[in-house]
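Structure at a glance
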Amino acid sequence: MVVEKTDRTHSAWSWETAAAALILGIGFARIVALALNPIELYADESQYWVWSRQLDWGYFSKPPMIAWLIHLMTTLFGDSDFSVRLASPLLHTITASFLFLSGRQLWDARTGFWAALIYLTIPSMWISGAVISTDVPVMCAWSGALYALVRLRSGGGWASAAGLGLAIGLGFLSKYAMIYFGLGLGIALVVDAPTRTALLNLRGALALLIALALLTPNILWNAAHDFATVSHTAANANWGGELGHPGELLEFLAGQLGIFGPALFPVLVVVLGGIVWHFRQAPAVSRLLAAFILPILLTVCVEAFISRAHANWAAVAYVASALLVAAFLLRGPAWRRGVLYGSIAFHTALGLFISIVVVNPSLVESFGLENSTKRIRAWDQTTAAISEAGLAGDYSAIVFDDRNIFHQMQRYGSTGDRPLQMWLRYAGPVNHAEQEWPLADGYAAPVLIVSHRPLEVEKMREDFDLFEPAGSLSIALDGDKTREFTLWRAQGYHRVERDDAYEARWLDSGEDEQTG
C-alpha cells in the first residue's frame, strides 16, 4: 500500500533538475523524431485537420480543442504533417511536468520524477506521442486539473482554484471523457476530508463557474446541431445490439497491458485492490488517487462486457495511475524497484523497436506487421490514383462510401473542379463527411463512385438511374497487403427511402455493412 508524503531531503534539487532534463529531453527527441517521420497522416488525423480549416465550438464527433490546436500549429509553422502533429509531443511534455509537480507535492521530487518517467515511457505513449488525437489534450488538461486539486487540498489559494476550473473546462473541450474527472471529484469529496475542506467554499465555486463558462459554448453548439457530438458519443457505446460480451471484456483488459504495460497494469490492479480491501486504513493520498482511476476502469469494463470498448477508452485513468504506481514501487521491498526499472527499460526498448520498424517497410514485412501498418501507408499513391480516375472522364463529382478515404482525399488529393461528395448509407449522416458534403438527392449529372466497401455497392446501385462499372484500383501496401477500390460511373441520383422496411430487407439479405 502507498505511504503518506515523506519529508523532502537535501536531494530534492537534484531530482528536480533530473526531472526537468528528462522531460524536456524526451520532448525534444520526440519533436525531432516527428520532423523525420515519413508516415502520412492517418484518416482521423486528416479529419481533424479538415475541422481545423473552419474553427467552431464543436464538430460532429468531438469537441473543438483538437481542431483549435491543429489550427494554431499549422498557422505558426506551416501546413505540413509535422505541424498537424506537433501539439502532441508538446502537450505530453506539459502532462509529464504536471505529474512531476503532483508527485512532488504529494510525496517528494523523487516520486514525481519516476511518475513522469512512467508516463513518458508506457507503451501507448510511444504511439500517442507520434500522432495527434483527442487523448493528448484531455490527458494534459486532466493532469493540470489533478495538480490544481492537489495544490488546493494542501492549502492553495485562488490561483489554484482558477487553475482547477480552467483545466476542467479545457478538458471537456478536448474530450467528453473529462466527465470521469467530475465523477472522481465527487467521490473524492466523500472519501477525502482535505478535498472537502478545499472545495466546499468560494474557491470551489470559482472553479465550478470557470469550468461551466468554458463548457457552455460547446453545449450551445450541440443544442444548435441536434446534439450531434453527444449523440455520436452515445452511439459509440453501441448498446442497441446484443448485450453481454465476456470476450470483449477480456480483450479490453488485455489491451490495458499494452496501454500501461504488462507489469505495471497488474501492479496497478493489486494496489487498487489493496486500497479497496483496506479502505479505512489506506492513506488519504491513496484513496484520493484511486477515486480518479478505479471508477474509470470499472465503467469501461462494464461497457466492454455490455457491448464493446476500445483499449484507449480508459486512457485518462493512467494519469493518476502513474503517480500511484510510482509511489508504490519506490517504497517497500527491493523487488518493487526491480519492477519499476525493468518496466521502464522494457517499454523504452519496445517503443524504440516499434518506432524503427514502422518507418521501414522491409522490417514491417520481416516481422509480419503488415496488418498493423496498412492504414498509414501509401496515401499519396492512393489519392493520386483516385484523382487521375476522376479527371479521366466527364464526371461532375467524385463520390465516396468511406469517410476515411474521403478525408484523405481532402488532405492529399487534387481533383481540379470536381467536388468530393459522400454517399449516405443511412437516413441521415453518421459522420462529419456525410454531414458536410452529402451528395444531394436528385443530383442528375454523371459522377465517379469510388467504393471501398464492396457490400455497399448493391445499395448504391438502387439509388442511381445509371450505374455501370468504370474499372478498379489496387494500391500496394506493406507485404502482400493492398488497398482495393471498385469504380463506377453513375448518374441520376434518387435516394431510396431508408425506412424500417429498407433496413430489414438488407439485414435479411445478409449484406449489411456498418459504416463510420
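As a starting point, this report considers the structure included with it. Keep in mind it's a predicted model, so treat the numbers as computed, not measured.

Rules used throughout
Residues numbered from 1 in each chain as written. Predicted model: local features only at pLDDT ≥ 70, side-chain atom pairs only at ≥ 80, totals over all residues. Heavy atoms only, no water. Helix = DSSP H or I, 4+ residues; strand = E, 2+ residues; numbered from the N terminus. Expected span 1.5 Å × (residues − 1). Buried < 20%, exposed > 50% of the residue type's maximum accessible area, 1.4 Å probe, protein only. Arc of directions from axis to C-beta. Phe/Tyr/Trp six-rings, centres within 6.5 Å; stacked < 30°, edge-to-face > 60°. Lys NZ or Arg CZ within 6 Å of the ring centre and 35° of its normal. Salt bridge = Lys/Arg side-chain N within 4 Å of Asp/Glu carboxyl O. Pairing = 2+ DSSP bridges.

Some thoughts on helix H14 (residues 264–277)
In a regular helix each residue adds 1.5 Å, so 14 residues correspond to 20 Å; H14 covers 20 Å between its end C-alpha atoms and thus fits that length. Taken as a whole, H14 has its buried residues at Leu-264, Phe-265, Val-267, Leu-268, Val-271, Leu-272 and Ile-275. The arc that holds the buried residues of H14, viewed along the axis, is 155°, so those residues lie on one side. Opposite the buried face of H14, at more than 90 degrees from it, the exposed residues are Val-270 and Trp-277.

Remarks on the packing of aromatic side chains
In this structure the tally under the stated criterion is 19 aromatic pairs. Geometrically, the ring pair formed by Phe-400 and Phe-406 is edge-to-face, given 5.9 Å between the ring centres and 85° between the ring planes. The same class applies to Phe-400 and to Phe-406, which are both buried. Joined through ring pairs, the aromatic side chains of Trp-15, Phe-113, Trp-114 and Tyr-341 make up one cluster. Residue placement shows Arg-411 over the ring face of Trp-49; its charged tip is 4.7 Å from the ring centre.

Brief notes about unusual backbone geometry
Despite not being glycine, Ala-378 shows a phi value in the positive range, around 60°. Mapped onto the fold, Ala-378 is located in the loop between helix H20 (370–373) and helix H21 (379–391). Of the residues examined, Ala-378 reaches a relative accessible area of 11% and is grouped as buried.

Brief notes about the pattern of salt bridges
Counted under the stated rule, the structure contains 18 salt bridges. The salt bridge partner of Asp-44 is Arg-403, with a shortest N-O separation of 2.9 Å. Remark: Arg-403 occurs in helix H22 (residues 403–412) and Asp-44 occurs in helix H2 (residues 43–52); sequence separation between them is 359 residues. For Asp-44, a relative accessible area of 23% puts it in the partly exposed group. The exposure class of Arg-403 is buried, given its relative accessible area of 15%. Because the salt bridges share partners, they merge into one network encompassing Arg-425, Glu-456, Lys-459 and Glu-503.

Details of the pairing of strand E4 (residues 464–476)
Judged from the 11 bridges that link them, E4 and strand E5 (residues 482–493) form a sheet pairing that is antiparallel. Note that in E5 the partner of Glu-468 across the bridge is Arg-489. Count of turn residues in the E4/E5 antiparallel hairpin: 5 residues, of which Gly-479 carries a positive phi of about 60°.

Side note on the environment of Gly-171
Secondary-structure assignment places Gly-171 in helix H8 (residues 158–172). Given a relative accessible area of 0%, Gly-171 falls into the buried group. Separated by 37 residues in the primary sequence, Gly-171 and Thr-134 place their C-alpha atoms 9.9 Å from one another.

Function-wise, these values are silent; they only describe arrangement.
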